[in-house]
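Chain by chain, the residues:
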Amino acid sequence: MIDLYYADTPNGQKITLFLEETGIPYQLHRIDISKGDQFKPEFLAISPNNKIPAIVDNSPIDGGEPISIFESGAILIYLAEKSGKLLSQHLREKTTQLQWLFWQVGGFGPMLGQNHHFTRYATEKVPYAIKRYTEETQRLYSVLEKRLAQSPYLGGKEYSIADIATYTWARLHDHHNIDLTNYPAINKWLNNINQRPATKKIFG
């Protein structure tokens with residue numbers, strides 16, 4: 001059983017989507033970030049950066065005590081290795097999948113998050129920040145489009161944790177003022193993932 005500490009955000013959705021894809025049993029513990037649950041000592045003991053998601057694996061493969069993991073990319077790698085699913089065992093394909101996973105956690109997610117903040121939620125409109133993160137969002141979508149024009153999935157021929165991590169952000173393209181008519185490969189990729197049973201269960 002995996003205990004998942006969760007809020008309904010793209011980073012939280014990455015983990016529920018993986019768990020539904022693989023059928024790993026889990027229990028959801030909702031963290032209300034609007035009420036500051038992420039700063040409670042019991043959560044900080046699991047996630048010292050006070051961010052969701054975080055997990056506790058009560059049955060780690062080494063047979064030892066429960067293990068806690070924070071940071072969505074680290075969680076995805078841990079669960080993929082534990083389950084043997086959604087991360088290739090072949091060196092070159094695995095390396096490609098991990099490169100695109102780190103592209104998402106290091107750039108695509110954080111930059112789109114800044115876009116969300118400055119264009120939608122900031123109480124003060126900062127033209128420089130809006131321009132900076134809008135342009136960076138467009139650049140990153142162009143990188144994603146180019147990759148998906150070459151390959152059906154980010155890591156190659158197979159759906160992987162790289163796609164899961166990127167999908168939960170890219171599905172919000174309207175929030176980023178991205179018109180998918182200009183990104184046909186992304187549109188096709190999103191539609192393919194939308195049809196997966198786990199995706200339908202999480203997002204309806």
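Residues numbered from 1 in each chain as written. Predicted model: local features only at pLDDT ≥ 70, side-chain atom pairs only at ≥ 80, totals over all residues. Heavy atoms only, no water.

- For the protein, an unreviewed UniProt entry supplies the name Glutathione binding-like protein and the organism Proteus faecis.

### Concerning unusual backbone geometry
Now for step 1: Here the residue pair Ile-52 and Pro-53 is connected by a cis peptide bond, since its omega of 0° sits within 30 degrees of zero.
Now for step 2: Along the chain, Pro-53 turns up in the loop between helix H2 (41-44) and strand E3 (54-57).
Now for step 3: Although it is not a glycine, Leu-86 adopts a positive phi angle of roughly 65°.
Now for step 4: Looking at where Leu-86 falls in the secondary structure, it is placed in the loop between helix H3 (72-83) and helix H4 (91-121).
Now for step 5: The phi dihedral of Asn-177 falls on the positive side, at around 60°, and the residue is not glycine. (Helix = DSSP H or I, 4+ residues; strand = E, 2+ residues; numbered from the N terminus.)

### A short note on the nonpolar core
Now for step 1: The biggest cluster of nonpolar side chains holds 46 residues, and the ones touching the most others in it are Phe-18 and Trp-189.
Now for step 2: When contributions to this core are tallied by element, the ones reaching two or more residues are strand E1 (2-6), helix H1 (10-22), H3, H4, helix H5 (127-150), helix H6 (161-170) and helix H7 (184-194).
Now for step 3: If one sorts the elements of this core by residue count, H6 sits on top with seven residues.
Now for step 4: Those residues in contact with Trp-189 that lie beyond four places of it in its chain are Leu-144, Leu-148, Pro-152, Tyr-153, Leu-154, Asp-163, Thr-166, Tyr-167 and Ala-170. (Core = buried A, V, L, I, M, F, W, Y, C linked by side-chain atoms within 4.5 Å. Buried < 20%, exposed > 50% of the residue type's maximum accessible area, 1.4 Å probe, protein only. Contact = heavy atoms within 4.5 Å.)

### With respect to H1
Now for step 1: An ideal rise of 1.5 Å per residue puts 18 Å on 13 residues; H1 measures up with 19 Å between its terminal C-alpha atoms.
Now for step 2: By the criterion of burial, H1 is predominantly enclosed, with ten of the 13 residues buried.
Now for step 3: Among all positions in H1, only Pro-10, Gly-12, Gln-13, Lys-14, Ile-15, Thr-16, Leu-17, Phe-18, Leu-19 and Thr-22 are buried.
Now for step 4: Phi turns positive one or two residues past the end of H1, at Gly-23, with a value near 75°. (Expected span 1.5 Å × (residues − 1).)

### Describing H5
Structural remark: α-helix, 3.6 residues per turn; residues separated by three or four positions point the same way.
Now for step 1: In this model, H5 (24 residues) spans 35 Å end to end at C-alpha, consistent with the 34 Å of a helix rising 1.5 Å per residue.
Now for step 2: By the burial criterion, the buried members of H5 are Ala-129, Tyr-133, Thr-137, Leu-140, Tyr-141, Leu-144, Glu-145, Arg-147 and Leu-148.
Now for step 3: Check the buried side of H5 and you find it contacts H4, H6 and H7.

### Considering the layout of surface pockets
Now for step 1: The calculated volume of the largest pocket comes to roughly 850 Å³.
Now for step 2: If you go around the largest pocket, you meet 28 residues; those closest to its centre are Thr-9, Asn-11, Lys-51, Ile-52 and Trp-169.
Now for step 3: When contributions to the lining of the largest pocket are tallied by element, the ones reaching two or more residues are H1 and H4.
Now for step 4: Per-element tally for the lining of the largest pocket: the top contributor is H4, with nine residues.
Now for step 5: A breakdown of the residues in the lining of the largest pocket according to their chemical character gives eleven nonpolar, 14 polar and three charged. (1 Å grid on protein atoms, 1.4 Å probe; cavity = no way out; pocket = protein on both sides within 12 Å on 5 of 7 lines; lining within 4 Å. Points joined across faces, edges and corners; volume = space filled by probe spheres on them. Nonpolar A, V, L, I, M, F, W, Y, C, P; charged D, E, K, R; others polar.)

### Topic: the sheet that holds E1
Now for step 1: Pairing is mixed in the open sheet, where four strands are placed in the order E2-E1-E3-E4. Edge positions in the sheet fall to strand E2 (26-30) and strand E4 (67-70), since each of these pairs with one other strand and no more. On average, each strand axis in the sheet is tilted by 20° relative to the strand beside it, whichever way the strands run.
Now for step 2: Where E1 meets E3, four bridges bridge the pair, whose relative direction is antiparallel. Of the residues in E3, the one forming a bridge with Tyr-5 is Ala-54.
Now for step 3: Contacts from H1 reach E1, E2 and E3 within the one sheet, and its direction differs from that of E1 by about 150°. (Pairing = 2+ DSSP bridges. Axes fitted to C-alpha atoms, helices over the stretch in contact; angles between N-to-C directions.)

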